[in-house]
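Structural characterization, general
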Amino acid sequence: FFVISDPHYLSDELHDDKEAFQKFLSYGDKLVHYSGRLIDAVTAEITREKTDFILVTGDLTCNGEMESHKELAEKFKRIENSGTAVFVVPGNHDVLNPRARQFFENTIWETDYITKDMFADIYGDFGYNEALSRDKRGLSYLAAPSDDVWLLMLDTAIYKDNIKKNNPEVNGILEDSTIEWIKQCSELAKENNAEIIAVIHHSLLDHSELVNLDYTIQNSLEIVELFADCDIQIVFTGHIHLQDIKSTSIGDKTIHDI
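Presented here is a report on the structure given in the accompanying data block. (Residues numbered from 1 in each chain as written. Predicted model: local features only at pLDDT ≥ 70, side-chain atom pairs only at ≥ 80, totals over all residues. Heavy atoms only, no water.)

So, on to the overall build of the protein chain. A count of helical and extended segments in the protein chain gives eight helices and twelve strands. In summary, the protein chain has a C-alpha radius of gyration of 18 Å against a globular reference of 18 Å for 258 residues, a match within 12%. Overall, the C-alpha framework of the protein chain stretches about 60 × 40 × 30 Å when taken along its three principal axes. The average position of the 23 basic charges and that of the 47 acidic charges among the side chains of the protein chain differ by 4 Å. (Helix = DSSP H or I, 4+ residues; strand = E, 2+ residues; numbered from the N terminus. Rg over C-alpha atoms; globule rule 2.2 N^0.38 Å. Lys, Arg positive; Asp, Glu negative; His and termini not counted. Charge placed at Lys NZ, Arg CZ, Asp CG, Glu CD.)

In this section: the nonpolar core. Of all hydrophobic cores here, the largest spans 37 residues; its most connected members are F76, V88, F119 and Y123. Per-element tally for this core: the top contributor is helix α3 (residues 66–81), with five residues. With residues up to four places along the chain from it excluded, the contact list for F119 reads L60, H69, V88, V89, P90, D94, V95, I114, Y128 and L139. Formed by 26 residues, the second largest nonpolar core is a distinct cluster that contains L142, L174, W181 and V224. (Core = buried A, V, L, I, M, F, W, Y, C linked by side-chain atoms within 4.5 Å. Buried < 20%, exposed > 50% of the residue type's maximum accessible area, 1.4 Å probe, protein only. Contact = heavy atoms within 4.5 Å.)

A few words now on the pattern of salt bridges. Counting across every chain of the model gives nine salt bridges. The residue D125 makes a salt bridge to K77 at a minimum N-O spacing of 3.1 Å. Linking D125 in helix α5 (residues 124–128) with K77 in helix α3, this pair joins segments that are 48 residues apart in sequence. What makes K77 partly exposed here is its relative accessible area of 27%. A salt bridge links D244 to K246; the shortest N-O distance between them is 2.8 Å. In this structure, a network of salt bridges that share partners links the residues K190, D231 and K253. (Salt bridge = Lys/Arg side-chain N within 4 Å of Asp/Glu carboxyl O.)

Residue position: A198 is located in strand β9 (residues 195–199). For the pair A198 and L152, spaced 46 residues apart in sequence, the C-alpha to C-alpha distance is 4.6 Å.

What the three strands build is an open sheet, ordered β1-β2-β3; its pairing is parallel. Two strands lie at the open edges of the sheet, namely β1 (2–4) and β3 (85–89), each paired on one side alone. On average, adjacent strands in this sheet sit at an angle of 20° to one another, irrespective of strand direction. Sheet strands touched by helix α2 (residues 35–49): β1 and β2 (53–57). Its angle to β1, the strand with the most contacts, is close to 175°. On the sheet, α3 packs against β2 and β3 and is oriented at approximately 145° with respect to β3. (Pairing = 2+ DSSP bridges. Axes fitted to C-alpha atoms, helices over the stretch in contact; angles between N-to-C directions.)

What follows concerns the sheet that holds strand β8 (residues 149–153). Backbone-to-backbone hydrogen bonds pair the strands of a sheet. The strands run either parallel or antiparallel. With respect to topology, seven strands assemble into an open sheet ordered β6-β7-β8-β9-β10-β12-β11, the strand pairing being mixed. Strand pairing shows two members of the sheet lacking a second neighbour, β6 (133–134) and β11 (246–250), which therefore form its edges. Here five bridges tie β8 to β9, and the two strands are oriented parallel to one another. The residue bridging L152 from the neighbouring strand is A198, located in β9. Seen against the sheet, helix α7 (residues 176–191) touches β6, β7 (141–143), β8 and β9 and runs at an angle of roughly 175° to β8. Along the sheet, helix α8 (residues 220–229) contacts β9, β10 (234–236), β11 and β12 (253–257); its crossing angle with β12, the most-contacted strand, is approximately 120°.

This part takes up unusual backbone geometry. If you check the backbone angles, K50 has positive phi at about 55° while not being a glycine. A positive phi angle is found at H239, which is not glycine, with a value near 75°. As for its position among the elements, H239 is in the loop between β10 and β11.

A surface patch of nonpolar side chains, about 300 Å² in accessible area, is lined by L31, Y34 and L38. Of note, L38 is situated in helix α2. Given a relative accessible area of 46%, L38 falls into the partly exposed group. (Patch = residues over 30% accessible without salt bridge, like charges linked within 9 Å, V, L, I, M, F, W, Y side chains within 5 Å. Areas by Shrake-Rupley, 256 points an atom, 1.4 Å probe, with all protein chains shown as cover.)

With that settled, the discussion passes to the packing of aromatic side chains. Summed over the entire model, instances satisfying the criterion amount to twelve aromatic pairs. An aromatic cluster of at least three residues, connected via ring pairs, comprises F76, F119, Y123, F126, Y128 and Y141. (Phe/Tyr/Trp six-rings, centres within 6.5 Å; stacked < 30°, edge-to-face > 60°.)

Attention now moves to the side chain of D59. Within the secondary structure, D59 is located in the loop between β2 and α3. Among the polar contacts made by the side chain of D59, one reaches the main-chain amide nitrogen of H93 at a distance of 2.9 Å. Sequence-distant contacts of D59, that is, excluding residues within four places in its chain, are made with D6, P7, H8, P90, G91, N92, H93, D94, H201 and H239. (Polar contact = N/O pair within 3.5 Å; in protein donor to acceptor, adjacent residues only side chain to side chain.)

Within the secondary structure layout, N162 lies in helix α6 (residues 162–165). Along the primary structure N162 and V95 are separated by 67 residues, whereas in three dimensions their C-alpha atoms are 8.9 Å apart. With near-sequence residues (within four places) excluded, N162 lies in contact with V95, L96, P98, N167, P168 and E169.

Here it is, written out as structure tokens:
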């Protein structure tokens, strides 16, 4: 399988590549003007390698624009049509983002964002419709791409107050109700002799000596202990825009954040 993170896809329908858009690009660290071509390159490689599935660990879109989500879902559909399953989780940019914008000439305009339910609908074919279990609180789900390897796709984004604050929350957390649901998923996997790989947007462990605030999940220590109890050893994350692997041990169990 392949893993990609933080594509920050922006529809070409939302900009004209002129003054307002170029100014927006100059303030950021994201290659949103290449995002479509990058996804197309990944699609070509997946098709060539005949990959079983691909994990997308959040921040699917630039700033949660509805048009970007819909276009990206069409690109994912082409990946699935080639024989590779796609599994997604949201990041902090994707849901209820009041910064969803379009850029034309020297003007920046608001554009439509999406809700939690809309996310699950747009990406229904990429994990949600075939989930073994869904967390009632958010957009987390349990999927089984094979009999003995299951995927715990976890929504760590905090977005319920974004619109009221007129600002998207950057940091992440797993709430108590989701933690209880994770324990249930672990028991179900053990009953079926399946191993779980976890996928979350925010870092589980610190990946930088300089920048970790709002990047590592708020209740990191609690989740590390939870994953150790649940025999989850491999976690794929995104968010911080670094390629890195960190590991930690709890007793005789080691957890790797990739």
